[in-house]
Each structure stands twice: as C-alpha cells, then as structure tokens.
Amino acid sequence: MEEVAFFIGAIGALGGAIAVIALRNPFYSVLALVVHLVALAGLFLMLHAEFVAAAQIVVYAGAVMVLYVFVAAYVGGVEEPIWEPIPGQRFLAPLLAIALFVELSIAILGTALTSLESEGPVIQDGFGAPAAIGELMLEKFLIVFEASSLLLLVAAVGAIVLAARRQGEPG
Amino acid sequence: MDITWYLVLSALLFAIGAGGVLIRRSPLVILLCLELMLNAGNLALLAFARANGDQEGQIFALVVMVVAACEVVVGLGLIVAMFRRKLPLNVDDMRELRG
Amino acid sequence: MSAVDFGWLILAFPLAGSLIIAFGWRALPGRTAGVIGTTAIGLAFLCSVGAFVDLLDLPGEERQLVSSVYDYASAAGVDIQLNILVDPLSVLMCLVVSGVSTLIHLYSVAYMTSDEGFRRFFSYLNFFVFSMLLLILAGNFVLLTVGWAFVGFASYALISFWYRRGTATAAGMKAFVINVIGDVGLVLAAFLLFRELGTFNYLEVFEGAPEAFSPDDGTVIAICLLLCVGAFAKSAQLPLHTWLPDAMEGPTPVSALIHAATMVTAGVYLIARAHPLFELAPTAADIAAFVGVATLLFAATVALVVTDLKRIIAYSTMSQIGYMIAAVSIGAYSAGLFHLMTHAFFKALLFMAAGSVIAAMAGRQNIDGMSGFRRAMPFTSLVLIIGCLALAGFPGMSGFFSKDEIIGVAFERGGMYAWMGVAMYAAAFLTAFYSFRIGFRVVAGKPCEEAKELEEGHLAHGEHENPATGEREDTDVGFPGSEHHIAEREWPMKIPMGILAFLSVLGGAVQIPGVDAAIEHFLEGSFEDSALFHLVPSTENAWLGLGAGGLISILGIGLAYYCYVLRPGVTVRLAERLSGVHTFLINKWYFDELYDLLIYRPLIGIGRFANSVVERVLVNGLVSATVGVVRGVGGMVRGAQSGFIRAYALLLITGFAALGLYFLVVSA
C-alpha cells in the first residue's frame, strides 16, 4: 500500500517538474509547479512530517505560488526566441543534468550507509506533529526561529523598495 | 519503504531543476526551477530525518522553506521592476557583466 | 685655532656663500650677491693666511696634518673618510687660489653688473672656488675625485653661462666630455692604488708605495699614467687640450679664474702631490715631462697666429701650464709651484685687462680691430704691458725668476732634460714674441675707432653680436648684459688689477737665487721624502740661466717691436708667403678635425647602428612581442566573461559535477 502511494506521489512530482521546464507559457509552468508541490506534500506525509506537509500546502502552495500567479498575470507571457546565443548551451545543459543525477545516484546507491537499507528506527508517537515541532522551535532552535523572522522582514522591506514606483514611471 | 527511493527521487528532481535553470530564458521560469531544486533538497532532508528518527531535519526543512519564500519575494520584486522599466524579460539580454 | 680648523673653514665659507646666493637669490637686490660672494672668498683667504701662519709655527717635519670629520665608508677592508690634509703644498695652493679668487670676484662685481644672471654667476663662482679648495685640501683619493668632478661641473656651468648662445653651450659640453675622460683616468688610478696598497689616504699611500713597488714597476707606471690622463684633461695638455680655447666662450672673469689661475693648475697640483709615485716610475714622469714640453711648443706656435684676443691668452695659458707640468715631472717642485703662483698673478691680470679692452671694443674680440688704446685707456694699457712683461719673462719681473728657475733645474739634471731645457728656451722666445704681439697691437699704433671715441669720453656701443659667429643676440637672460664696463670707470675693476700688477712685478722677490728661497723652504714639509726636490742648481748656474733667459725675452720683445711698431704689415706678408704654415697653425694643427675623424664619426656611426638595429628591432621587438603574447592570452581568457548569466550558471553546475566526480573517485 505504501509503495503505491509513494509511486503516485513520485509520478505527480516528476510530472510537475518536467512540465515546469518544458512548457512554453510561464503561466502553465506556475500551475505545474503547484501540482508538483502538492504531490510533494503527499510524500512528506508518508515520511511522518505532518507539520511540514501542512506548511508546504498552506505556505508554499498557498502563499508563495499565489504570489507567482499574480506576477505571471502582471507580467504576461514572454515569447522565448528559438535561437540560442550561447554556443554549446543547448547541448551541454541536459548532459550536465544527467551527469549530476548519475553522480548523485551512484553516491546514494553505492553508499555504505546501513540505515538506508532498513525501515528506520521505530519512531514514537507525535513524531513530526505540530506539538513536537513547536517544542523544538521554541526551545532548542529559538534563535533560528527569530532569525528567520528577521529574514522575512528584511525580504519584505527589500521587495517593497525594489518594486516601488519611481518618479515618471508608468504603473 | 526504505528511503533510498526518496533520495533517488530527490536527486532526479534536483537534476531536472538544474537543467531547467540552464535551458530556460525567462527569469520567471528560472525562479520556478530554483523552487524545484529547493524542494528536492527538502525531500532529501525529511527522508534523512525519518531515517535517523531525528526531528531536527524537519526544522531544517521549515527554515529552508522560509528562505525560499524570501528569495522568491525578492526575485519577483526584481522581475516587477524590470517590467516597469520596460526591459525585455530575457536573461540573455542583460549582459553588462561582459568582460 | 689650529691649522686644520682653518682648513675646514676655508672649505666652509665659499660653500656657504654659494648656498646663500643660490637659495636666497630673490631676496638679494642689486650687487648684494656679488658682495656676499666676494666676502665669502675673502674670508677663505684670511683662513688660508691663518693656516699658513699656524703651519709656520710647527717644525718642518710635522707640517702634514690630517683631520677627519666623517667616516664615509668603513666596511670590509675599505676605509674612506671625509678628511683633509693641511700641509705646506695644500696651504700654498689655497693661498694662491683664494687670493686670486677674491680679486677676481671683486672684478666681477663691476664687470657683470648689467648681466641678468648676476646672482647665478656668483653662486656658480663661489661653488667653483669651494670645489677647487676641496680638491686641494682633500686628504684621500676619493675626496680628491669628488672635488675634481665638482670642479669639472663648475667649469661647465660657467663656460656655458650665457646659455642661450649656441657656441657657449657647445663649448661647455666639449669641456665637460674631455674632463670626464680625465675623471675616468683618475678613478682607475685610485682603484689600482687601492688594490695594491689597500688604502685611499694620501699619507698611507705615499708611505707604503716605496715598499710595495719596485722602481719602474709596471703597475706604478700604469697608475702614474692614469693620473697623467686626469692631469692632462684638467690642465689642457696634449692630446686632451682642445677644450681650452673654446672655453673662452665664458665671461672674462671665468676665463681669468678658471682657465688661467686655478682649475687648469689642478693637474700640476696632482702630479706634485703624487710625487712619491712619480719618483718611483721615472718612465711615466718622463712621458709627462715630454708631453708638457710638447704642449708648450705647440701652444706657443698657435698663439703666434690666432686673432681672437682671449684665445691668444688661452693658448698662452696652455703653454705655461706645459712649463709647470714639465717642471713637476722632472722634479723641480718648488720651481713649478713658484711659477704656478706667478703665472696666476700675471695671467689673471692679462685676462682682466683683456676684459676691459673687449668692453671698450663693444664686445668684439678680434685683435685685428684693436690699436692705440694708450691714450684712451691709460690704466688698462699700463697693466696690460706689465702683464705682458711678466709673461715674457722680462728681467726683474716675477715671471722671469719663476720660468728660468724651471729651466735651471732642467739643465741641472742634464742629459735628456738639458734638451728639454733648450726647447723651453725656444718656447720662451716665442712666448715673449706673442705676448708683445698682444701688447703692441692693443697699446701702440694709431688709435682705432673705438679708441678715438673713448678719448672723447664716449664708450663705444655696438650691435649685440656673438663674437665668434657674428650672429645677433638680445640682452635677455642667458645672453651677455647690455652694458660694457671698463677699468677706468669702475673702481672694483681697478683695485684687483692694481694689486695683481703689483704682485706681477714684485712677486718674484720670494725666490731670488742666492738671496732667499722662501717657497722652497716652506714646501720642505711636503717634499722631504723626495730626492729630486733637493736638486737645486748652484747660484752661479742659476744666474747664468737667468741671464740667458732675460736675453731671450728681450730679443723676443725686440722682434715683436720690429714687426708691430716699426714695420707693421711684415707679419701679414709673411703669412701670405708661408700660407701653408699659416693655415696649419691657425687651424690649431688640425687637432679638432683629427678628433672628429677618429673619434666622433665612428662613435656616431655606432650610435646610429645601435638605434636602428639593436634598439628598434631587438629591444623594441622583444617588448612588443611580449605585449602581443600577453594581449593574445588575455583575449582568449576574456572569452569566458561573456556576460550571459546562463553561461555562468553552466560553469557553476559543471564545477559542481566535477567536484562530485572527484569525491566519488576518491572515495571509491
């Protein structure tokens, strides 16, 4: 049963990823990414990361992707020209991606990490639950928590400054 | 289900994201491919968290999500600024770093 | 104060004067710079007198005092100090140099008044006197070379003083180049001495030389010949003499000071100072004496025909220095230095009088235009005749005693030197003739135009022209001033000329054979180790020689009187009849043309070759090739900076993949 769920999630994720890089219209790419994110959320659930999965849906797919949708609608479609100005890019890029995948796979499959072969340790109840995550966040990782809040603030201010309307510019 | 599957999937998604960054020319789509790569990383993190029984990996994944969100915000701000100044939304047309 | 304290002060005053005028020239109005300069040298003269008196207090053997102020270089077997040697020889030279310099400075205050470069002149002149005194007082060969080089520079600066004149700057460069050849000889000699004896200090070298060298040893002959190269360049002897006539481009006070009384005597001083070495190398000393006599005759013959007044006097200087060089080479040290002193007096006097005459002629120097100045310029004519009498060696004048003393020692040594003595008598006859060529031409005869104007009280004014080429000049800075000054009207010119005339007449009294020998006794302190110093002719032989010399000079004057007063025009007809000889002589025996052919043209050819082939092809080509290679490589590398973000991302991923590959391989 578990395998089936995994494969459904995997196919959803892979399909979404390929669609992102293959579709011409950037709006469609955005939507493909949403599908991908939801599939990943499913996979997260299988890994006993409930809180993260929820955050993925609510924050990532719900807020960040909405932002993308807005911008894609504002900016509109971009016709990408066919001709490739950089010599060799069209050939080398897929090659390198495949090379990267192959290396990582070799690293993963050829590794002597014993834990990879097993189910993993028996985990307690509440593993990955919001209570446990919250406890960790506010006790052990408090500084990390605060720092990420600060980072979000800085990013928000930065975005406002970047996109602010300057004098004499059309809206 | 041993986590090797999850890791291989993560590697595959990462490679696809990298290829997309190199191939596509619209800055918007490049940012989307970056999201792909980040999520692949998240998947790998959570897989290892499950394998070691350690919730700290999940915290890490949450922070990665925060960082990704900030990066998206700034990147999209850039795209909006470019659009406002009537610059062509094509990464190849911005060559001022040429030596 | 001891003699060495005076010695340091002798150096300090002229240097201070030069620096004050050099740095404060803007603040010195009118003639102040001249006053400062003259005072500085005057103080140096007083210190020389002080040193002289102090030395007289010491017993004869202890009169060589060394004082060091600074350890210049002390390492690894080399010990060079800034030290001075105050001994009778240097003090005598200091007295002569500073004394005559003071008088010439006073003369220049009036002579150079209307010149725009008045202050620059006095700064240079003071610096020159400082360098000359440094040369004389130096206690080791290194400091001697420093003074030698400074004197060469000062001479260059003063010859090309009117720097906008092309002929003046060319003459300055010629003098400098020939002086540098002499400097090379001097420095090589110093190196050889150091290699053989391990020291540069005079006293140590001269004490160590007799043990280190056997007589006529090859090395000591080489050292002496190299010293001679230096001496001949500075004293304008054959073959390094061509610069002296051209050096007359400088102002007349410069000619009087540098090219008559002081700088050209540096060679004589050097040979006298290094006499222990020369006595160890009789071959070299004989060569030097021979060169001196050859120059003596050569210059006397040329002085018979040249028509520029200052150049006649310049050739006369060359000739008289030949006497002195020959004297110190054959061992007549006191005679040579005595002649140096008297020559300084009457030669400076002659130049000063010539300056006055040239001023009356509105800047023209050709003797063919001058005649009959005796009524227009009585004082100048009188001192001119006195100078000519002293130069000719008329009985009773200072030049009479000094010149014939040299010839006396030559005959005393006998053999080859007696023949040199005969040549010297022949030259004395020519000297008497040409000195009165000047005298009678300028003073006697019917007054020329300028003289007539002057008799009416009006100083002749002419167009401002270069006396050598005749081209027009203006009176701006770098050219002579607009006004001319004659002695009759300027007391700063009269007083020095009067003093020098007095000394020219009575200066011989210090060394009359059989009566007194003041100079010889004073110089004992420096020359006691010399065998030749004590070779003095007996009184009867001395008076015989004096008689012969006096007779010859009277004959020469008489011949000049015949040619220029009784039957003027004789010489012109003689020149036409012997036109070949005349042309040969008037072209200075074609030395300049010879040097042009042998030295100048080959060197210029080599230079051109080096420029076109070596410089352009090899050096430039090498540099350009390097530049091309660098540029090419840079161009290739620049290709990586395309500006495409995706290309940079590609490189990033490639690097990442490569790194991963590396780690996989390593861990396998």
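As the structure is a computational prediction, the values presented were derived from the model and not from experiment.

Asker: Help me understand the overall build of chain B in this model?
Answerer: Looking only at helices and strands, one finds 3 helices and 0 strands in chain B. In sequence order, the secondary structure elements of chain B are arranged as α-α-α. Dimensions of chain B, computed from the C-alpha atoms along their principal axes, are close to 50 × 25 × 25 Å. When burial is assessed residue by residue, chain B has 66% of its 99 residues classed as buried. In chain B, 58% of the contacts between residues at least 6 apart in sequence involve partners at least 24 apart.

Asker: Can you walk me through the nonpolar core in this structure?
Answerer: Within the largest apolar cluster, 194 residues are counted, with the highest numbers of intra-cluster contacts made by C:Phe128, C:Leu227, C:Leu277 and C:Phe373. Sort the elements by how many residues they give to this core and helix α15 (residues 333-360) of chain C lands first, with 19 residues. If sequence neighbours within four positions are ignored, C:Leu277 has contacts with C:Leu193, C:Phe206, C:Ala209, C:Phe213, C:Val220, C:Ile223, C:Cys224 and C:Leu227. Counting residues in hydrophobic clusters, the runner-up holds 75 residues, among them A:Phe6, A:Val20, A:Phe44 and A:Ile108.

Asker: What is the right way to look at the interface of chain C and chain B in this model?
Answerer: Size of an interface: often given as the accessible area lost when the parts come together. Taken together, the contacts link 12 residues of chain C with 14 residues of chain B. Across the chain C/chain B interface, buried area totals approximately 1100 Å², and carbon plus sulfur atoms make up 65% of it. On the chain C side of the contact with chain B, C:Phe644, C:Ile645 and C:Arg646 bury the most area, a combined 48% of that side's loss. Applying the counting rule to chain C against chain B returns 1 salt bridge.

Asker: What am I meant to see in the interface of chain B and chain A here?
Answerer: In this complex, chain B contributes 71 residues to the contact, which on the side of chain A involves 91 residues. Our count for the chain B to chain A interface comes out at 1 salt bridge. B:Glu56 is paired through a salt bridge with A:Lys140; the nearest N and O atoms lie 2.2 Å apart. Secondary structure elements with two or more residues in the side of chain B that touches chain A: α1 (4-23), α2 (27-52) and α3 (56-84) of chain B. If one sorts the elements of the side of chain B that touches chain A by residue count, α3(B) sits on top with 22 residues.

Asker: Teacher, can you tell me more about the packing of helix α4 (residues 118-137) of chain C against helix α5 (residues 141-159) of chain C here?
Answerer: When two helices pack together, their arrangement is given by the angle between the helix axes and by the axis-to-axis distance. Residue and element names in this part refer to chain C. In contact at an axis separation of 8 Å, α4 and α5 are set at 155 degrees when each is read in the N-to-C sense. Judged by the inter-axis angle, α4 sits roughly antiparallel to α5. As for the relative orientation of α4 and α5, their crossing is left-handed in sense. On the side of α4, the interface is formed by Phe 121, Tyr 124, Leu 125, Phe 127, Phe 128, Phe 130, Ser 131, Met 132, Leu 134 and Leu 135, while α5 contributes Leu 143, Leu 144, Val 146, Gly 147, Trp 148, Phe 150, Val 151, Phe 153, Ala 154, Ala 157 and Leu 158. Of the residues belonging to the contact of α4 with α5, the class tally is 19 nonpolar, 2 polar and no charged.

Asker: When you look at helix α20 (residues 491-506) of chain C in this model, what are you seeing that I'm missing?
Answerer: For an α-helix, 3.6 residues make a turn, and residues three or four places apart therefore share a direction. Between its first and last C-alpha, α20(C) extends 22 Å over 16 residues, near the 22 Å set by a 1.5 Å rise per residue. Looking at the buried positions of α20(C), the neighbouring elements they touch are α3 (88-111), α15, α16 (378-392) and α17 (398-413) of chain C.

Asker: I keep staring at a negative patch on the surface and nothing clicks. Help me out?
Answerer: A contiguous patch of negative charge on the surface is contributed by C:Asp71, C:Asp79, C:Glu204, C:Glu207 and C:Glu211. Position of C:Glu211 relative to the elements: it lies in helix α7 (residues 202-212).

Asker: Can you help me understand the packing of aromatic side chains in this one?
Answerer: How two aromatic rings sit relative to each other is set out by the distance from centre to centre and by the angle between their planes. One pass over the full model with this rule turns up 29 aromatic pairs over all chains. For the ring pair C:Phe298 and C:Trp589, a centre distance of 5.2 Å and an interplane angle of 85 degrees mean the geometry is edge-to-face. In this pair, C:Phe298 sits in helix α13 (residues 282-303) while C:Trp589 sits in the loop between α24 (579-586) and α25 (591-638), placing the two residues 291 residues apart along the sequence. Residue classification places C:Trp589 among the partly exposed positions, given a relative accessible area of 33%. Three or more aromatic residues joined by ring pairs make a cluster, and in this case those are C:Phe298, C:Phe584, C:Trp589, C:Tyr590, C:Phe591 and C:Tyr595. Lying over the aromatic face of C:Phe644, B:Arg95 brings its terminal NZ or CZ to 4.1 Å of the ring centre. Lying across the ring of C:Phe379, C:Lys494 places its NZ or CZ 5.7 Å from the centre.

Asker: Would you take a moment to explain unusual backbone geometry for this structure?
Answerer: Glycine aside, residues mostly have negative phi angles, and peptide bonds mostly take the trans form. The amide bond that connects C:Leu238 to the next residue, C:Pro239, takes the cis arrangement and shows omega of -10 degrees. Relative to the helices and strands, C:Pro239 is located in the loop between α8 (218-235) and α9 (243-246). Of note in the backbone geometry, B:Lys86 takes a positive phi value of approximately 60 degrees without being a glycine. Tracing the sequence through the fold places B:Lys86 in the segment after α3.

Asker: It is not clear to me how the pairing of strand β2 (residues 78-86) of chain C should be interpreted in this structure. Could you clarify?
Answerer: Taken residue by residue, a regular strand's side chains alternate between the two faces of the sheet. The pairing of strand β1 (residues 65-75) of chain C with β2(C) spans 9 bridges and is classified as antiparallel. Opposite C:Ser68, over in β2(C), you have C:Asn83 as the bridge partner.

Asker: Just checking my understanding: could you explain the domain arrangement of chain C for this structure?
Answerer: Examined at the domain level, chain C breaks down into domain 1 (3-586) and domain 2 (592-667). Between the C-alpha centres of domain 1 of chain C and domain 2 of chain C the distance comes to 59 Å.

Asker: Explain the side chain of C:Thr199 here, please?
Answerer: Residues and elements named next belong to chain C. Note on placement: Thr 199 falls in the loop between α6 (166-197) and α7. Thr 199 sits in the buried class, given a relative accessible area of 10%. A distance of 2.8 Å separates a polar atom in the side chain of Thr 199 from a polar atom in the side chain of Glu 204. Apart from the residues within four sequence positions on either side, Thr 199 is in contact with Leu 193, Phe 194, Glu 204 and Val 205.

Asker: Would you take a moment to explain the packing of α8(C) against helix α11 (residues 266-273) of chain C for this structure?
Answerer: All names here are of chain C. α11 packs onto α8 with a crossing angle of 155 degrees between their chain directions and a minimal axis gap of 7 Å. With respect to α11, the axis of α8 lies roughly antiparallel. In this structure, α8 uses Leu 227, Ala 231, Lys 234 and Ser 235 to contact α11, whose residues at the interface are Ala 266, Gly 267, Val 268, Leu 270 and Ile 271. Each residue belonging to the contact of α8 with α11 can be placed in one class, and the counts come to 6 nonpolar, 2 polar and 1 charged.

Asker: In this structure, what is going on with the pattern of salt bridges? I would like to understand it.
Answerer: For side chains of opposite charge, pairing can occur when their charged atoms come near one another. Residues and elements named next belong to chain B. Scanning all chains against the criterion turns up 13 salt bridges over all chains. For the salt bridge of Arg 25 with Asp 92, the shortest nitrogen-to-oxygen distance reads 3.9 Å. Linking Arg 25 in the loop between α1 and α2 with Asp 92 in the segment after α3, this pair joins segments that are 67 residues apart in sequence. A residue is classified by how much of its surface remains accessible, and Arg 25, at 3% relative accessible area, is buried. Assessed through its relative accessible area of 6%, Asp 92 is described here as buried.

Asker: Would you mind showing me how to read the side chain of C:Thr342 here?
Answerer: Residues and elements named next belong to chain C. Position of Thr 342 relative to the elements: it lies in helix α15. Of the polar contacts made by the side chain of Thr 342, one reaches the side chain of Ser 402; its length is 2.9 Å. Setting aside anything within four residues of it in sequence, one finds Thr 342 in contact with Ser 398, Gly 399 and Ser 402.

Analysis parameters
- Residues numbered from 1 in each chain as written.
- Chains lettered and ligands numbered in written order.
- Predicted model: local features only at pLDDT ≥ 70, side-chain atom pairs only at ≥ 80, totals over all residues.
- Heavy atoms only, no water.
- Helix = DSSP H or I, 4+ residues; strand = E, 2+ residues; numbered from the N terminus.
- Buried < 20%, exposed > 50% of the residue type's maximum accessible area, 1.4 Å probe, protein only.
- Contact = heavy atoms within 4.5 Å.
- Core = buried A, V, L, I, M, F, W, Y, C linked by side-chain atoms within 4.5 Å.
- Buried area = accessible area lost by both parts, 1.4 Å probe.
- Salt bridge = Lys/Arg side-chain N within 4 Å of Asp/Glu carboxyl O.
- Axes fitted to C-alpha atoms, helices over the stretch in contact; angles between N-to-C directions.
- Parallel < 35°, antiparallel > 145°, perpendicular 65-115°, else oblique.
- Left-handed = near helix turned anticlockwise from the far one by under 90°.
- Nonpolar A, V, L, I, M, F, W, Y, C, P; charged D, E, K, R; others polar.
- Expected span 1.5 Å × (residues − 1).
- Patch = residues over 30% accessible without salt bridge, like charges linked within 9 Å, V, L, I, M, F, W, Y side chains within 5 Å.
- Areas by Shrake-Rupley, 256 points an atom, 1.4 Å probe, with all protein chains shown as cover.
- Lys, Arg positive; Asp, Glu negative; His and termini not counted.
- Charge placed at Lys NZ, Arg CZ, Asp CG, Glu CD.
- Phe/Tyr/Trp six-rings, centres within 6.5 Å; stacked < 30°, edge-to-face > 60°.
- Lys NZ or Arg CZ within 6 Å of the ring centre and 35° of its normal.
- Pairing = 2+ DSSP bridges.
- Domains from an automatic or database assignment.
- Polar contact = N/O pair within 3.5 Å; in protein donor to acceptor, adjacent residues only side chain to side chain.

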